[in-house]
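Architecture and fold: a report
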Amino acid sequence: MLIVMKPQATEEHVRGVCRKIESMGFRPHPMPGAQRTAIGITGNPGPLEPAEFESLPGVADAIPVSKPYKLVSREIKNEDSLIHVKPSEGTGPGFTFGGRELGIIAGPCAIESREQAFAAAQRVKKAGARLFRGGAFKPRTSPYSFQGMGEEGLKILAEVRREFGLLIVTETIDPENCDLVERYADVLQIGARNMQNFSLLKRVGRSSRPVLLKRGMSATLDEFLMAAEYVLAEGNYNVILCERGVRTFADHSRNTLDLSVIPAVKRLSHLPIIVDPSHGTGKRDRVTPLSRAAVAVGADGLIVEVHPQPDAAVSDGYQSLYPDQFDLLMEEVTAIAGVLGRTTAHASHKAQETPPASYAHPQ
Ligand code: PEP
Ligand code: MN
């Protein structure tokens with residue numbers, strides 16, 4: 001059930017409807033929009049009677065929601081959601097996903113040392129990334145592979161934030177681990193292998209940090225949106241979706257990057273969606289072409305693996321870009337973004353670097 005308030009409804013009217021929903025033992029989710037507020041209801045085991053709400057002050061309509069997911073759906077909120085990321089400490093710059101500027105997240109697969117993280121951060125910042133990625137806890141296929149530096153890695157990430165003003169995106173792998181990771185991260189990443197780890201989804205749903213939710217490697221669109229619904233249903237509406245490739249019979253790449261899911265998500269959901277061309281292809285030479293395509297198809301950003309020495313990386317070196325390659329990626333992606341009326345921080349960096357013609361060529 002979705003309660004649509006009248007455009008002139010007051011905050012007290014909204015509170016009244018919320019109280020009514022709570023008195024029935026359910027949870028209200030007020031979603032303010034540009035024209036009017038809508039209030040979603042979760043926790044009800046079956047359909048509700050519209051008449052229960054229609055007569056309340058300020059209510060325009062009470063309509064059943066046809067989709068299995070409610071809060072992530074455009075039925076409850078038609079406008080695109082803007083997801084604001086604030087630095088978890090200090091007063092550095094924040095970033096908003098879903099706006100005109102593409103959200104570019106870049107950095108190594110895993111944090112390996114302070115030197116490695118700083119070398120990567122310095123280069124990706126200069127190229128126009130706003131957020132820095134790097135796993136301190138790695139969910140690896142083999143229990144014998146490098147599992148990440150743990151809290152020591154998180155401390156390095158916090159130093160990167162202070163030193164470079166980059167926001168930190170890092171993975172949390174289980175509900176207990178989340179207590180530690182959320183002390184350091186600005187965005188909590190849920191990996192593909194955990195997309196249906198429902199206790200973890202509920203845990204991050206109670207966090208104050210935005211969540212980057214990666215699509216499971218065999219997840220349908222409905223399963224992907226339902227995973228996001230778990231997070232919103234707990235009260236955290238700040239979810240950024242991420243397409244990172246799915247398993248298919250194709251064996252020319254690590255995964256098959258399903259770019260057609262971008263317009264499909266945009267049609268159904270108000271949440272922003274970004275693309276991971278690194279895990280999506282698994283091969284360095286595919287990352288820039290697929291990044292260009294992702295932006296062209298309407299993605300709200302990219303998450304890209306960049307390593308100062310990919311050949312020496314402890315994980316995912318073969319899909320990590322050299323910093324010079326990332327510079328070129330940003331150049332090209334920024335050009336494509338411009339065609340669509342969007343931009344990246346690369347464009348503003350360049351504008352600052354290139355002096356006006358009269359200075360460059362004094363008469
Ligand atoms: C990662 O981003 O490093 C990662 C492990 O990605 P995924 O969960 O998409 O495999
Ligand atoms: Mn990786």
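Figured I'd write up the structure that's included with this text. These numbers come from a predicted model, not from an experiment. (Residues numbered from 1 in each chain as written. Chains lettered and ligands numbered in written order. Predicted model: local features only at pLDDT ≥ 70, side-chain atom pairs only at ≥ 80, totals over all residues. Heavy atoms only, no water.)

Next up on the list: the overall build of the protein chain. Assigned secondary structure in the protein chain consists of 13 helices and 14 strands. Taken along the three principal axes of its C-alpha coordinates, the protein chain extends 70 × 65 × 45 Å. Relative to its 363 residues, the protein chain shows a buried fraction of 53%. Contacts in the protein chain between residues at least 24 apart in sequence constitute 68% of all its contacts with a sequence separation of at least 6. Put simply, the protein chain shows about 15,700 Å² of open surface, and 52% of that area lies on carbon and sulfur atoms. (Helix = DSSP H or I, 4+ residues; strand = E, 2+ residues; numbered from the N terminus. Buried < 20%, exposed > 50% of the residue type's maximum accessible area, 1.4 Å probe, protein only. Contact = heavy atoms within 4.5 Å. Areas by Shrake-Rupley, 256 points an atom, 1.4 Å probe, with all protein chains shown as cover.)

Let us look at the coordination of the manganese ion (ligand 2). Coordination sphere of the manganese ion (ligand 2), protein contribution only: Cys109 (SG), His279 (NE2), Glu305 (OE) and Asp316 (OD), at 2.0 to 2.4 Å. Site description for the manganese ion (ligand 2): donor spacing in sequence, C-x169-H-x25-E-x10-D. One end of the pair, Cys109, is in the loop between strand S7 (103–107) and helix H3 (114–127); the other, His279, is in helix H9 (residues 277–281), with 170 residues separating them in the sequence. The burial state of Cys109 is the same as that of His279; both residues are buried. (Donors = N, O, S within 2.8 Å, 3.2 Å for Na, K, Ca; no water.)

Attention now moves to the layout of surface pockets. Approximately 360 Å³ is the volume found for the largest pocket. Lining the largest pocket are 23 residues, and of these Pro139, Arg193, Arg254, His279 and Asp316 sit closest to its centre. Within the lining of the largest pocket, the residues separate by chemical class into 5 nonpolar, 8 polar and 10 charged. (1 Å grid on protein atoms, 1.4 Å probe; cavity = no way out; pocket = protein on both sides within 12 Å on 5 of 7 lines; lining within 4 Å. Points joined across faces, edges and corners; volume = space filled by probe spheres on them. Nonpolar A, V, L, I, M, F, W, Y, C, P; charged D, E, K, R; others polar.)

A separate point is the pattern of salt bridges. Two side chains with opposite charge may pair up if their charged atoms get near one another. This model, assessed by the stated rule, comprises 26 salt bridges. For Glu52, the salt bridge identified is with Lys20, shortest N-O distance 3.1 Å. Note that Glu52 is positioned in helix H2 (residues 51–54) and Lys20 in helix H1 (residues 11–23), a separation of 32 residues in sequence. What makes Glu52 partly exposed here is its relative accessible area of 36%. Here the residues in one salt-bridge network are Glu11, Glu12, Arg15 and Arg19, joined through shared partners. (Salt bridge = Lys/Arg side-chain N within 4 Å of Asp/Glu carboxyl O.)

Turning our attention to helix H7 (residues 221–233). If you check H7, its first and last C-alpha atoms are 18 Å apart, about what 13 residues at 1.5 Å a residue would give, namely 18 Å. The set of residues buried in H7 consists of Leu221, Phe224, Leu225, Ala227, Ala228, Glu229, Val231 and Leu232. Buried residues in H7 make contact with strand S2 (27–32), helix H6 (198–205), strand S11 (211–214), strand S12 (239–243), helix H8 (261–268) and strand S13 (273–275). Phi turns positive, to about 110°, at Gly235, one or two residues after H7. (Expected span 1.5 Å × (residues − 1).)

Reading across from one edge, S2-S3-S1-S4 is the order of the 4 strands in this open sheet, with antiparallel pairing throughout. Because the sheet does not close on itself, it has two edges, and the strands there are S2 and strand S4 (59–63). The mean angle between the axes of side-by-side strands here comes to 20°, regardless of whether they run parallel or antiparallel. Pairing of strand S1 (residues 2–5) with strand S3 (residues 37–42), which is carried by 3 bridges, proceeds in the antiparallel orientation. By the bridge assignment for S3, Leu2 is matched with Gly40. (Pairing = 2+ DSSP bridges. Axes fitted to C-alpha atoms, helices over the stretch in contact; angles between N-to-C directions.)

Taken together, Cys109, Arg133, Lys138, Glu171, Gln189, Gly191, Ala192, Arg193, Lys214, Arg244, His279 and Glu305 make up the full set of residues adjacent to ligand 1. Note that an oxygen atom of ligand 1 is positioned 2.9 Å from one of the side-chain N or O atoms of Arg193. For ligand 1, an oxygen atom lies 3.4 Å from a polar atom in the side chain of His279. For ligand 1, whose unbound accessible area comes to 300 Å², protein coverage reaches 97%. The cavity where ligand 1 resides is the largest pocket. Counted by class, the shell around ligand 1 contains 2 nonpolar, 3 polar and 7 charged residues. (Near = heavy atom within 4 Å. Polar contact = N/O pair within 3.5 Å; in protein donor to acceptor, adjacent residues only side chain to side chain. Sits in = over half its atoms within 2 Å of the grid points.)

Moving on, we come to the environment of Thr281. Mapped onto the fold, Thr281 is located in helix H9. The exposure class of Thr281 is buried, given its relative accessible area of 4%. For the pair formed by Thr281 and Met1, sequence separation is 280 residues and the distance between their alpha carbons is 40 Å.

What follows is about the nonpolar core. Among the nonpolar cores identified, the biggest contains 74 residues, and Phe132, Leu213, Leu241 and Phe326 are the most heavily contacted of them. With 7 residues, H7 is the largest single contributor of residues to this core. Excluding anything up to four places from it in sequence, Leu213 contacts Ile190, Met195, Leu201, Phe224, Ala227, Ala228, Val239, Ile240, Leu241 and Cys242. (Core = buried A, V, L, I, M, F, W, Y, C linked by side-chain atoms within 4.5 Å.)

Turning next to the side chain of Asp258. Tracing the sequence through the fold places Asp258 in the loop between S12 and H8. Relative accessible area serves as the criterion here: at 18%, Asp258 is assigned to the buried category. In this view, Asp258 contacts Arg215, Glu243 and Val246; residues no more than four positions away in its chain are not counted.

That is the geometry; function is a separate question.
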